[in-house]
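Chain and residue survey
Spelled out, the chains give:
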Protein chains: 2
Amino acid sequence: MINLLKNHRSVRRYAAREIEKPLLNELLEAATRASTTGNMQLYSIVVTTDSEVKKQLAPCHFNQPSITQAPAVLTFCADFNRFEKWCELRQAVPAYNNFQSFFAAAIDALLAAQNFCIAAESKGLGICYFGTTTYLTQQIIDVLHLPKKVVPITTVTVGYPEGETPRADRLPLAAIIHENTYTDYSEKDINRLYAEKEALPENLRFVAENNKETLAQVFTDIRYNKENNERFSEMFLNAIKGQGF
Amino acid sequence: MINLLKNHRSVRRYAAREIEKPLLNELLEAATRASTTGNMQLYSIVVTTDSEVKKQLAPCHFNQPSITQAPAVLTFCADFNRFEKWCELRQAVPAYNNFQSFFAAAIDALLAAQNFCIAAESKGLGICYFGTTTYLTQQIIDVLHLPKKVVPITTVTVGYPEGETPRADRLPLAAIIHENTYTDYSEKDINRLYAEKEALPENLRFVAENNKETLAQVFTDIRYNKENNERFSEMFLNAIKGQGF
């Protein structure tokens, strides 16, 4: 079980094989058993298998090919729509048009997503998360016809893996864990904790291919740069507000 | 494996037994294998076992007794501090003082948290999430000495369970899943999907104990009411901004 978690890799190439419906339902059942705020289950999962809808989703994720290639694309959404409809039909007055409620629903969606992914991997399937869900959020809302109080939080592609995928590197545990309270990092700590990552051949190649001096510059100048961070912040906040939070 | 996920329950009473250090490290290793935005690992885990620090954390979670009773309290934090320090030492100019970056880091923290919880349950431990982490956030920041660019997102208590805990109810799968695109709920749908939940003896008792007419009213009037939602929204947003996002 712990070995399964440790063997996770992001699978971006899938065999041309559908996921059997009873299996998919079993994975979704496992997803709904994740912890949820006050047992309100403030999320929905949109399971897209139709190739026409997948084609419409692709540009929302910058046309990454696995969106159309994967047999199923799951969009995990923060959802207060269902809960509010229930309240209104039960003489209860909901007040969930605020950030705290949005965030609680986002937590619910993410814990369910991770349960789904682990269940899928335990059955030999491969998964990949798409952080792009919080970039072109409004486009996803439009394609999936999400009503007010529903915001997409993350997207997962799932299917039988094609070929082998290497496991990504991770920082040593000491980089992530703090005992009792937070101990801030000295320059020496940072050098030690990032040394192995920076020395990996694939990361050295990555720096060279991008014509940068350091691996960190690939992140700040290209992959997660100021302009995009600011533009996508504004777009995501607008989408959250536009959906009624 | 899927049975393990399906058997999850929130454990709030713990035996007086420490978690062995090698076991705890193994669970934390499994946590760090969760998917992470661009492999940046934008989170930290503060593992609090010291009873003095647990005592200080308790009021941050409204003195729920399991905070001091659990052998370990884990605070999962969105963390851009470590990454920015690395950038600055590598001639890279970070621009992560925005909402998009905060949210990416929060996603990372939550996926790691859920991996930790599943790993813990697979070893016979019990866990419970504390949504209160996004309420008195500033107090947690102070107790754990979190520097700028670090925001607590969720808290998990973990330990060997004491006694039995019943499994919580869940809505039927049809309430959560949408095929291809979102299908909004009719009044009939809501009545059908919530019928089983509303008829459960523990939920009927819950309504009676709270002197309410419907289960929904227990949520809107008491557990997650307008005043708290709005107050905690403002406090959480202030804490996020105060930490430099």
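Coordinates for the structure precede this section.
Residues numbered from 1 in each chain as written. Chains lettered and ligands numbered in written order. Predicted model: local features only at pLDDT ≥ 70, side-chain atom pairs only at ≥ 80, totals over all residues. Heavy atoms only, no water.

1. Topic: the overall build of chain A
Basically, it comes down to this: By the criteria applied, helices consist of DSSP H or I runs no shorter than four residues and strands consist of E runs no shorter than two, each listed in order from the N terminus. Radius of gyration here is computed from C-alpha atoms only, and the compact-globule reference equals 2.2 Å multiplied by the residue count raised to the power 0.38. By definition in these notes, contact holds between two residues if any of their heavy atoms fall within 4.5 Å. The method behind every accessible area is Shrake-Rupley, applied with a 1.4 Å probe, and residues are considered shielded solely by the protein chains displayed.
Of regular secondary structure, chain A possesses 11 helices and 5 strands. Its C-alpha atoms give chain A a radius of gyration of 20 Å, within 12% of the compact-globule value 18 Å for 245 residues. By its C-alpha atoms, chain A is 60 × 45 × 35 Å across when sized along the principal axes. The contacts in chain A between residues at least 6 apart in sequence include a share of 78% that link residues at least 24 apart. As displayed, chain A has an accessible area near 9700 Å², and 49% of this comes from carbon and sulfur atoms.

2. Remarks on unusual backbone geometry
Residues and elements named next belong to chain A. Under the convention used in this document: Accessible area is worked out with a 1.4 Å probe on protein chains only. A residue is then buried under 20% of its type maximum, exposed over 50%, and partly exposed in between.
Its identity as a non-glycine residue notwithstanding, phenylalanine 62 has a phi of 55 degrees, on the positive side. Here phenylalanine 62 is to be found in the loop between helix H3 (51-57) and helix H4 (66-69). Given a relative accessible area of 42%, phenylalanine 62 falls into the partly exposed group.

3. Description of the pairing of strand E4 (residues 150-159) of chain A
All names here are of chain A. Defined as follows: The pairing criterion is simple: DSSP has to find at least two bridges between the two strands.
A large share of E4 lies buried, amounting to 10 of its 10 residues. The sheet contact formed by strand E2 (residues 72-79) and E4 spans 8 bridges and is antiparallel. Pairing of alanine 78 across the sheet is with valine 151, part of E4. Pairing of strand E3 (residues 126-130) with E4 involves 5 bridges; the strand directions are antiparallel. Following the sheet pairing, glycine 126 is matched in E4 by glycine 159.

4. So, the relation of the copies chain B and chain A
Filter applied, for reference: Alignment of copies: least-squares fit on C-alpha atoms of residues with pLDDT of at least 70 in both copies.
In the superposition of chain B on chain A (RMSD 0.0 Å, axial shift 0.0 Å), the rotation amounts to 180 degrees. Between the two chains, the operation in question is that of a two-fold axis.

5. Quick notes on the environment of A:Ser10
Mapped onto the fold, A:Ser10 is located in the loop between helix H1 (2-6) and helix H2 (21-31). A relative accessible area of 21% places A:Ser10 in the partly exposed class. C-alpha separation for the pair A:Ser10 and A:Lys149, spaced 139 residues apart in sequence, amounts to 30 Å. In this view, A:Ser10 contacts A:Ile127, A:Cys128, A:Thr165 and B:Ser35; residues no more than four positions away in its chain are not counted.

6. A look at the interface of chain B and chain A
The test is simple: What counts as buried area is the accessible surface, traced by a 1.4 Å probe, that two parts surrender upon association, with contributions from both included. We count a salt bridge whenever a side-chain nitrogen from Lys or Arg sits within 4 Å of a carboxyl oxygen from Asp or Glu. The definition of a polar contact used here is a pair of N or O atoms within 3.5 Å, where within protein one atom must be able to donate a hydrogen and the other to accept one, and adjacent residues in sequence count solely through side-chain atom pairs. When residue character is reported, Ala, Val, Leu, Ile, Met, Phe, Trp, Tyr, Cys and Pro are called nonpolar, Asp, Glu, Lys and Arg charged, and the others, Gly included, polar.
Taken together, the 114 residues of chain B in the interface contact 114 residues of chain A. Interface of chain B and chain A: buried area, both sides summed, is about 10400 Å²; carbon and sulfur atoms make up 62% of it. Where chain B touches chain A, the interface holds 6 salt bridges. Here A:Glu198 makes a salt bridge to B:Arg90, at a shortest N to O gap of 2.6 Å. Viewed at the interface, chain A and chain B are joined by 75 residue pairs in polar contact (both at pLDDT 80 or more). If one sorts the elements of the side of chain B that touches chain A by residue count, helix H6 (residues 99-122) of chain B sits on top with 14 residues. Looking at the side of chain B that touches chain A, its residues break down into 59 nonpolar, 32 polar and 23 charged. Pairing of strand E5 (residues 177-179) of chain A with strand E1 (residues 43-48) of chain B involves 3 bridges; the strand directions are parallel. Across the sheet, the residue bridging to A:His178 is B:Val46, located in E1(B).

7. Description of the side chain of B:Thr214
Examined against the element boundaries, B:Thr214 turns out to sit in the loop between helix H10 (201-209) and helix H11 (215-223). Each residue touching B:Thr214, except ones within four places of it in the same chain, is listed here: A:Arg90, A:Gln91 and B:Val207.

8. Quick notes on helix H5 (residues 81-88) of chain B
With 6 of its 8 residues buried, H5(B) lies for the most part within the structure. Every buried residue belonging to H5(B) is among B:Asn81, B:Arg82, B:Phe83, B:Glu84, B:Trp86 and B:Cys87, and all of these are buried. Among the structural elements, helix H8 (187-199) and helix H10 (215-223) of chain A together with E1, strand E2 (72-79) and strand E4 (150-159) of chain B are those in contact with the buried residues of H5(B).

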